[in-house]
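# Report on the structure
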Amino acid sequence: MSRLAEGLSRLFGRVEILARGAKDDQRAAEAALSRGDYLEARSHARALLAKVPRSPVGLALLAEAAEQVWHDDEVVAALRDLASQAPWRDDVWLRLGLAALRAGDEGAREALERAAEGRQDLAVARRALLTLADEDLLAGDPARAQRWLDRVPYHPSTPDPELALRRAEAALAAGKGRRVAEDALQLDGLDPEAPTFRGRTTLGARRRLVRARIAALDPEGLHGDSALNLALGALLLDAPGAADLVAELLSETQDAALVARVRESLDASVLEEPRWAAAFALAEGRREDARRALVEAARAGDEGALRRLAALALHWRDFEALRLVQEDRPDLLRGSAEVLLEAHERWAAGERRAAMGALSALDDADTGGWAAALLGEIAGELCGSGAAPEADWDVVLSELREAATDLDRFDLVTTIEGLAQERQRPLYVAVLGEFNAGKSTLLNALLATDVAPTGIMPTTATLHWVAWAPDAFARVVVRGGSDRVVAHDGLKAALAELRDAGEAIDRVLIHAPIERLKRIEILDTPGFNAPNTDHAEQARRGIDEAHLALWLLDATAPLKDSERRVLEEVAAAGVPVQVLVNKRDRVGEEAIGQVMDYLTRALEEVGITSLAPPVAFSAQRALAGRLGDAAALEASHWDEVERTLEDHVVSRADLLRERALRRKARRVALALEEQAREAFERRLEERARSLARRDARMAAATQLRSSYASIAAAIATSLDTALDQLWIDARPIEQLAVEKQASPDVRAYLIDRCVARITPAVMAGLAAHIEADDRPAVERAVEATLAGAAAAHRQAPFPEGDALQAAVAQAVLAASKEVAAAASAPLEIEDEPLGRATRLRALATALAPPLAPPLAPPLAPPLAPPPVSST
């Protein structure tokens, strides 16, 4: 750094020094400094100040001399006095800040921040910003250090090893080690012997420690040496933090030779410290000994043991150890460990959503999988577990609703509200099967009334929803038309009338005062083998809505290939299936046993499990029996169907509804997770664009500052037209009286016209160096500078010649400051982990049903059904 006195002697006190006879003292002090005789220089500077108190030149000479002989308190006093007289001198503030750091003066940071704000000398501001970042890194505050580093001007195409080193250290300290690879490539350009951290170590030691940390994160990479060897070298070079890293790596190594080397490299007294005793114990497989030693030392107030315990607690997943560290030194639990402990305590207090929110904000790679495991435990507790899981649906649905709202998925908000209502509704049972399997007849038998249409062509089939109501009636929902409400005995005629009129029927709602319908609601679906594909889609929609699928097979052709495929689809959707076999009367009692044996083996081979063993019956006879034919009812085996429905469906309605809610909520969670991940990827892309924009701004600011003279010269040559127009604007003023020409109003008019005419030409010349977003601020800076130049000029509307060049140059400099300020502004998009998507994934995993056995591939050829004898 240039000597302060050289610059200050041209500005201050020449006459006063001469008048008071102190010139000889000044010359003597300067000569002594030149030949390195700092004590003599200090003596002459003090003599000068005795004759000319508070002389800026004398203070500068005293500061330089005292600095060389390490009289930091005297340096601070001299520079503080000097800064009060020349507060615009950024270099004075910088030297004051550095001296105050060495002296332990509390005003160090304020002085450095003043220097960092300066615009006169970018090198001074840079040194101040790097020093402030060093102080925060040394204090363990990487986030604040990063904010200083973001303000350091640099050109992306030019390596900057000093900045790269600190950026790498800040990222590593903040737990973002995977992002330092690019910065690490620039570290070879450092001066390894340069002192740093107030002279405690060297840049070379810090570089070695950074490489050790990178090697620890990426053991398979090419780093020139193992992480432990690199860290040991940094420790021997007194790099702050190296001891903790060596102890950590030592505890994880299984290399006996490396363990022996570390032991030989350390003093015997150091080996007795708890953290080293613990590290060697861990390296030798004595984990409990290590934990005991660290806990005892931590309770005794050993800060090193506390630090090591805090680091190992993450590896051990030991909340007790984390809590012990928090009680003694909460500042050591910054970052992931602190969040983990807070989440655990919130979980213990019953605040599960708050705990999940805290955990999902962590980068799980930094916690060794602990955050994900804990998040999974909380989500599992929230969603229930075991054979009969009961989720805390109020909390689960609130979580899903909030996520859907935040992600603008209001269609899913409606779905979630439907799930909330579904919890209070009866069980949904979908009757499925191929066309003509007897589904509507079964439905009529359940209702004990011939209401559902049967024998209708499949092209007219639709969804029939059966639910409880105090009165018996049916509602036909017509697409694009008015609903039709009819009595049960008028439903078939109404459907036929609508069909003949070409109306599109969406669904039929059949209501009846049947007690069972208070517990279950039944959905009769079109056949999957109907010619109209829309009917198959309606049937699939019925599967999606159902809590249970009541699958109806034809005993004369049980489980055809088409049925196998759809049954596999139902099972894959997670819908429980109860198999019923209709048309028992058509195969006869002698053959029904063979049919059921075949069906049991066929279902096993395709991996389908019926909720209860399949039941064979006759729906047609059951309907006749329910309508009054006692003999038909007995022959139908309807009592077995009733028993199966009561014992395995109605009595298990709560469990079946719970399973369905879990299935549907899981689908919502997965859809939201996918959207959250897409939003996260967009944020990453936006952040990358913001970083690129910041780099472009910084490059533009650097180019403007370094080439402002040539840029200004080029702009000045293009101002002829603007100046000619300005003279035209000024011509009417010549008609005014002389005293009016000098009036403030006239001057204000001229200044306004100068700015209006010249600013567009200057902005056009800067167009290639500024972004559209920065244009308004740059234009304001240019206008202010040009207005100042016009106000200071009296002979013409605007300066010409060299004065014109100087005015434009000042405008270009002002523009570069604005571009640099925009580049230094904090990014609006924070670099956050997945967060919401992680939480949704944990919920979806917890809502997943137990793993079912894999589906068996279809047999080739399939089992042949048994012979059927018709009765």
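Residues numbered from 1 in each chain as written. Predicted model: local features only at pLDDT ≥ 70, side-chain atom pairs only at ≥ 80, totals over all residues. Heavy atoms only, no water.

### Points about the overall build of the protein
Rule in force here: Segments assigned H or I by DSSP are reported as helices when at least four residues long, segments assigned E as strands when at least two residues long, and all are numbered from the N terminus. Only protein chains enter the accessibility calculation, which uses a 1.4 Å probe; a residue is then buried when its area is under 20% of its type maximum, exposed when over 50%, and partly exposed in between. Contacts are residue-level and defined by heavy atoms, with any inter-residue pair within 4.5 Å sufficient. Surface accessibility follows the Shrake-Rupley procedure with a 1.4 Å probe radius. Residue values consider only the protein chains on display as shielding.
Within the protein, the secondary structure is distributed over 42 helices and eleven strands. The buried share of the protein, taken over its 871 residues, is 49%. Relative to all contacts within the protein whose residues are 6 or more apart in sequence, the contacts with residues 24 or more apart total 69%. Accessible surface computed for the protein: about 40900 Å², of which carbon and sulfur atoms make up 50%.

### Observations regarding helix H25 (residues 393-406)
In an α-helix there are 3.6 residues to a turn, and that puts residues three or four apart on one side. Put simply, the test is: Expected span of a helix: the number of residues minus one, times 1.5 Å.
Taking 1.5 Å of rise per residue, the 14 residues of H25 would be expected to cover 20 Å, and the 19 Å separating its terminal C-alpha atoms lies within 8% of that figure. Of all the residues in H25, the buried ones are Trp393, Val395, Val396, Leu397, Glu399, Leu400, Ala403 and Ala404. In this structure, the buried residues of H25 make contact with helix H23 (352-360), helix H24 (370-383), helix H26 (410-422), helix H35 (653-706) and helix H42 (836-847). Following H25 by one or two positions, Asp408 has its phi on the positive side, about 60 degrees.

### Side note on the side chain of Gln578
With respect to the helices and strands, the residue Gln578 is situated in strand S10 (residues 577-582). Sequence-distant contacts of Gln578, defined by excluding residues within four places in its chain, comprise Leu548, Ala549, Leu550, Trp551, Ser610, Leu611, Ala612, Pro613, Pro614 and Thr644.

### A word on the nonpolar core
Looking at soluble globular proteins, one finds that nonpolar side chains tend to be buried together. Rule in force here: Nonpolar core, defined: a set of buried Ala, Val, Leu, Ile, Met, Phe, Trp, Tyr and Cys residues in which side-chain atoms within 4.5 Å join the residues together.
With 68 residues, the main nonpolar core has Leu309, Leu322, Leu340, Leu359, Trp393, Leu400 and Leu672 as its most contacted residues. Residues within four places of Leu672 in sequence aside, it is in contact with Leu400, Ala403, Ala404, Leu407, Arg409, Leu412 and Leu840. The next biggest cluster of nonpolar side chains, apart from the first, holds 52 residues, and it includes Ala29, Leu130, Leu163 and Met698.

### A word on unusual backbone geometry
In this model, Arg54 sits at a positive phi of 60 degrees, which is unusual for a non-glycine residue. In this fold, Arg54 is placed in the loop between helix H4 (38-51) and helix H5 (56-68). Given the relative accessible area of 44%, Arg54 is considered partly exposed. Phi at Lys583 is positive, roughly 70 degrees, even though this residue is not glycine. Examined against the element boundaries, Lys583 turns out to sit in the loop between S10 and helix H31 (584-605).

### Topic: the pattern of salt bridges
Let me state the cut-off plainly: Salt bridge, as applied in this entry: a Lys or Arg side-chain nitrogen positioned within 4 Å of an Asp or Glu carboxyl oxygen.
According to the stated counting rule, one finds 66 salt bridges in the structure shown. With a closest N to O distance of 2.3 Å, Arg516 and Glu642 form a salt bridge. Here Arg516 is found in the loop between strand S7 (505-512) and strand S8 (520-524), whereas its partner Glu642 is found in helix H34 (residues 638-650), with 126 residues between them in sequence. A salt bridge links Glu771 to Arg697; the shortest N-O distance between them is 3.8 Å. Here Arg697 lies in helix H35 and Glu771 lies in the loop between helix H39 (744-766) and helix H40 (775-792), a separation of 74 residues in the sequence. With a relative accessible area of 14%, Arg697 lands in the buried category. Beyond isolated ion pairs, a larger network of salt bridges with shared partners links Arg353, Glu399, Glu402, Asp406, Arg836 and Arg839.

### Section: the sheet that holds strand S4 (residues 463-468)
Note the threshold: When DSSP finds two or more bridges between two strands, those strands count as paired. Here the axes come from fitting lines to C-alpha atoms, over the contacting stretch only for helices, and the angles between their N-to-C directions go from 0 to 180 degrees.
The nine strands are arranged S6-S5-S7-S4-S8-S3-S9-S10-S11 in an open sheet whose pairing can be described as mixed. The open sheet terminates on both sides in strands that have one partner only, identified here as strand S6 (484-486) and strand S11 (615-616). Summarising the sheet, strand S9 (residues 548-554) and S10 pair through six bridges and their orientation is parallel. Each bridged residue has a counterpart across the sheet, and for Trp551 the counterpart in S10 is Val579. Contacts from helix H27 (residues 439-447) reach strand S3 (427-432), S4, S7, S8, S9 and S10, with the element oriented near 155 degrees to S8.

### Re helix H10 (residues 142-149)
Spelled out, the test is: Taken from the helix axis, the directions to the C-beta atoms give the arc we talk about.
Pro142, Ala145, Trp148 and Leu149 are the residues of H10 that are buried. Along H10, the residues classed as buried sweep out an arc of 110 degrees about the axis, all on the same side. Tucked into the core, H10 has its buried residues touching helix H8 (108-117), helix H9 (122-138) and helix H11 (161-173).

### Examining empty space enclosed by the protein
Put simply, the test is: In this analysis the probe radius is 1.4 Å and the grid spacing 1 Å, with only protein atoms considered; a cavity is a set of points the probe fits into but cannot get out of, a pocket is an open set with protein on both sides within 12 Å along at least five of seven lines, and lining residues have an atom within 4 Å of a point. Grid points are joined across faces, edges and corners, and a volume is the space filled by probe spheres set on the points. Residue type decides the class: Asp, Glu, Lys and Arg count as charged, Ala, Val, Leu, Ile, Met, Phe, Trp, Tyr, Cys and Pro as nonpolar, and the leftover types, Gly among them, as polar.
Inspection of the entire model under this criterion finds three cavities of 30 Å³ or more. Here the largest cavity defines a volume of roughly 50 Å³. In this structure, the largest cavity is lined by Val429, Val431, Leu446, Arg516, Ile520, Ile522, Leu550, Leu645 and Val649. Mapped by element, the contributors of at least two residues to the lining of the largest cavity are S3, S8 and H34. Class assignment for the residues of the lining of the largest cavity results in eight nonpolar, no polar and one charged.

### Details of the packing of aromatic side chains
To describe a pair of aromatic rings, you give the distance between the ring centres and the angle between the ring planes. The following threshold applies: Put simply, two rings from Phe, Tyr or Trp (the six-membered ring, in Trp's case) pair if the centres are within 6.5 Å, and we call them stacked under 30 degrees between planes, edge-to-face over 60, tilted for the rest. Note on criteria: charge over ring means Lys NZ or Arg CZ within 6 Å of the ring centre, with the direction from the centre no more than 35 degrees off the ring normal.
With the rule as written, the count across this model stands at three aromatic pairs. The interplanar angle of 55 degrees and the centroid separation of 6.0 Å between the aromatic rings of Phe617 and Trp638 together place this pair among those described as tilted. You can see Phe617 sitting in the loop between S11 and helix H32 (619-626) and its partner Trp638 sitting in helix H34, a full 21 residues away along the chain. Each of the two residues, Phe617 as well as Trp638, counts as buried. Here the basic side chain of Arg206 rests over the ring of Phe197, its NZ or CZ set 4.0 Å away from the ring centre. Of note, Arg263 hangs over the ring of Phe280, and the distance from its end group to the ring centre comes to 4.2 Å.

### Overview of the pairing of S9
Counting buried residues in S9 gives seven out of seven residues, a clear majority hidden from the surface. Here S9 shows no split at all, with Leu548, Leu550, Leu552 and Asp554 on one side and Ala549, Trp551 and Leu553 on the other all buried. Sheet topology note: the S3/S9 ladder contains four bridges and is parallel. Bridging across to S9, Val431 finds its partner in Leu550.

### Details of the pairing of S10
We count it as follows: The handedness rule is simple: strands pointing away from the viewer, and a clockwise path from the first strand over the helix to the second, make the crossover right-handed.
Within S10, six of the six residues are buried, which leaves the element mostly enclosed by the surrounding structure. Here S10 shows two buried faces, one formed by Val577, Val579 and Val581 and the other by Gln578, Leu580 and Asn582. With respect to chirality, the unit in which S9 leads through helix H30 (residues 561-572) into the neighbouring parallel S10 is right-handed. With two bridges joining them, S10 and S11 adopt parallel strand pairing. By the bridge assignment for S11, Leu580 is matched with Val615. For the crossover from S10 across H31 to S11, the handedness is right-handed.

### Some remarks on the environment of Ala437
By the element assignment, Ala437 lies in the loop between S3 and H27. Among residues more than four places away in sequence, those in contact with Ala437 are Leu552, Asn582 and Lys583.

By themselves these figures say nothing about function.
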